[in-house]
Amino acid sequence: MATESSESEEEGKIRGGNDKLTVDEDLREMGKNAAWSVSSCKPGNGVNTLRDDNLETYWQSDGLQPHLINIQFQKKVRLQLVALYVDFKLDESYTPSKISVRAGDGFHNLKEVKSVELVKPSGWVCISLSGTDPRETFVNTFMLQIAMLSNHLNGRDTHIRQIKVYGPRPNPIPRQPFQFTSTEFITYSTLR
């Protein structure tokens, strides 16, 4: 019985991180198409620092937990991966330890998609939004909310240095089961 509980404790834990963000070529960054908001921030450390591609800047929350990052899209999008840059070595107690990712049509019907525990992360941490069913490889949603539920060393405020949100790259030719890779093939892909 003790083995089962220790295995379930390990599930959902993410250790370490990567210095360089690497994602599959069939994914594209979707964050530029969204409206971003946060539950709170310290002056000079607002929502714009999450998207400035600078690992030296960070969003810092201000107030009671949970700290929320809301990502809203104008139309329903497919999302597959959330990448966060956090650094325990620099931020210590400001580093999140428990994160919940929620999806829905708006604030009124958000449901938890993933819950992960970070163990002293340093670098890019990737959270897959795929479900337990192998056919569920993405989440179809209008809104994504990332909630920081607790921090390392019982810290109160949170530092997140960067966030990227990825979804599957659309097929350039609709109703085509396969994808052409060269411009020459794409040019002659349809019959007149």
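Residues numbered from 1 in each chain as written. Predicted model: local features only at pLDDT ≥ 70, side-chain atom pairs only at ≥ 80, totals over all residues. Heavy atoms only, no water.

Test applied: UniProt positions are given in the numbering used here, feature names are shortened, and annotations may be inferred rather than shown by experiment.
By the naming in an unreviewed UniProt entry, the protein goes by Anaphase-promoting complex subunit 10 and is assigned to Brassica carinata. Of the comments in the UniProt record for the protein, the one headed Sequence similarities (unreviewed entry) reads "Belongs to the APC10 family."

1. Remarks on the side chain of Asn 151
Our working rule: Comment: elements are numbered from the N terminus, with helices defined as DSSP H or I runs of at least four residues and strands as E runs of at least two. For every residue, the accessible area (1.4 Å probe, protein chains only) is compared with the maximum for its type, and the residue is labelled buried under 20%, exposed over 50%, or partly exposed between those bounds. Here a polar contact means two N or O atoms within 3.5 Å. Within protein one must be a hydrogen donor candidate and the other an acceptor candidate, and residues neighboring in sequence count only if both atoms are side-chain atoms. The contact criterion used throughout is that any non-hydrogen atoms of two residues lie within 4.5 Å.
Mapped onto the fold, Asn 151 is located in strand β10 (residues 139–151). Classification of Asn 151 as buried rests on a relative accessible area of 5%. A distance of 3.2 Å separates polar atoms of two side chains, one belonging to Asn 151 and the other to Thr 158. Those residues in contact with Asn 151, other than ones at most four positions away along the chain, are Gln 65, Ser 93, Tyr 94, Thr 95, Pro 96, Ser 97, Arg 156, Asp 157 and Thr 158.

2. Quick word on the side chain of Asp 91
In this structure, Asp 91 sits in helix α2 (residues 88–91). Given a relative accessible area of 4%, Asp 91 falls into the buried group. With residues near it in sequence (within four places) discarded, Asp 91 still touches His 159 and Arg 161.

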